[in-house]
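Examining the three-dimensional arrangement
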Amino acid sequence: MDIRTNVEDGKILFQNGQIFTTLNRQDSLRQRLDIRIKTQKGTWFLNISYGIDWFNDVFSDTSTKSSTDALIQAEILKEALVSNIISFTSSVDDLSRTYRCDFKVKMVDQTVSDTIRLLANEK
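Residues numbered from 1 in each chain as written. Predicted model: local features only at pLDDT ≥ 70, side-chain atom pairs only at ≥ 80, totals over all residues. Heavy atoms only, no water.

1. With respect to the overall build of the chain
Helix and strand content of the chain: three helices and five strands. Scanning the chain from its N terminus toward the C terminus, one meets helices and strands in the order β-β-α-α-α-β-β-β. Its C-alpha radius of gyration of 15 Å places the chain within 12% of the 14 Å reference for a compact globule of 123 residues. Across its three principal directions, the C-alpha atoms of the chain cover 45 × 35 × 30 Å. In the chain, which comprises 123 residues, the share counted as buried stands at 35%. Long-range pairs, those at least 24 residues apart, make up 37% of the contacts in the chain between residues at least 6 apart in sequence. Entry remark: accessible area of the chain is about 7,800 Å², with carbon and sulfur atoms responsible for 52%. (Helix = DSSP H or I, 4+ residues; strand = E, 2+ residues; numbered from the N terminus. Rg over C-alpha atoms; globule rule 2.2 N^0.38 Å. Buried < 20%, exposed > 50% of the residue type's maximum accessible area, 1.4 Å probe, protein only. Contact = heavy atoms within 4.5 Å. Areas by Shrake-Rupley, 256 points an atom, 1.4 Å probe, with all protein chains shown as cover.)

And the structure:
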């Protein structure tokens, strides 16, 4: 189990002086993938290759939806709890420069995850 974070803002869930843990392996996986994918590569001092280079690889003028999809999928597969990706859909809104993907994964214990959603933009 991991310390649980708030889905909306990623901050540690802390109420009435109590810190909570993730509910189960699937909740832990969702949270780990959310953190991994949203981390700007090079910002975590213990592992500078952790995360995605959003500014250069995703929100650059030369990036494409297919290259971003491949980058996100490769990052998902780096998570130790993930065996493979079952489904993956994504969309890009060029006007707001927003990337969205929905995916399901098979975990190493053969459990299939609920749909995990990621929404990212330049901000």
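What follows continues from the structure just given.
2. Quick notes on the side chain of Asp2
Along the chain, Asp2 falls in the segment before strand E1 (14-15). Of note is the side chain of Asp2, whose polar atom sits 2.6 Å from the side chain of Ser28. Looking at Asp2, its side chain comes within polar contact range of the side chain of Arg32, at 2.9 Å. When neighbours within four sequence positions are excluded, Asp2 is seen to be in contact with Phe20, Thr21, Thr22, Ser28, Gln31 and Arg32. (Polar contact = N/O pair within 3.5 Å; in protein donor to acceptor, adjacent residues only side chain to side chain.)

3. Looking at the sheet that holds strand E3 (residues 82-93)
Taken in spatial order, the three strands of this open sheet run E3-E4-E5, and their pairing is antiparallel. Here the strands that pair on one side only, and so sit at the sheet edges, are E3 and strand E5 (116-121). Averaged over all adjacent pairs, the angle separating strand axes in this sheet is 20°, with direction ignored. Pairing geometry for strand E4 (residues 98-107) and E5, over six bridges, is antiparallel. Looking across to E5, one finds that Cys101 is bridged to Leu118. (Pairing = 2+ DSSP bridges. Axes fitted to C-alpha atoms, helices over the stretch in contact; angles between N-to-C directions.)

4. Focus: the pattern of salt bridges
A complete count under the given rule lists eleven salt bridges for this structure. Here Asp27 and Arg30 are joined by a salt bridge, their closest N and O atoms 3.5 Å apart. Of this pair, Asp27 and Arg30 both sit in helix H1 (residues 25-38), three residues apart, roughly one helical turn. The closest approach of N and O atoms between Glu79 and Arg32, which form a salt bridge, is 3.5 Å. Taken together, the residues Glu79 in the loop between helix H3 (65-77) and E3 and Arg32 in helix H1 connect sequence positions 47 residues apart. Linked by salt bridges that have partners in common, Asp2, Arg32, Arg36, Glu75, Lys78 and Glu79 make up one network. (Salt bridge = Lys/Arg side-chain N within 4 Å of Asp/Glu carboxyl O.)

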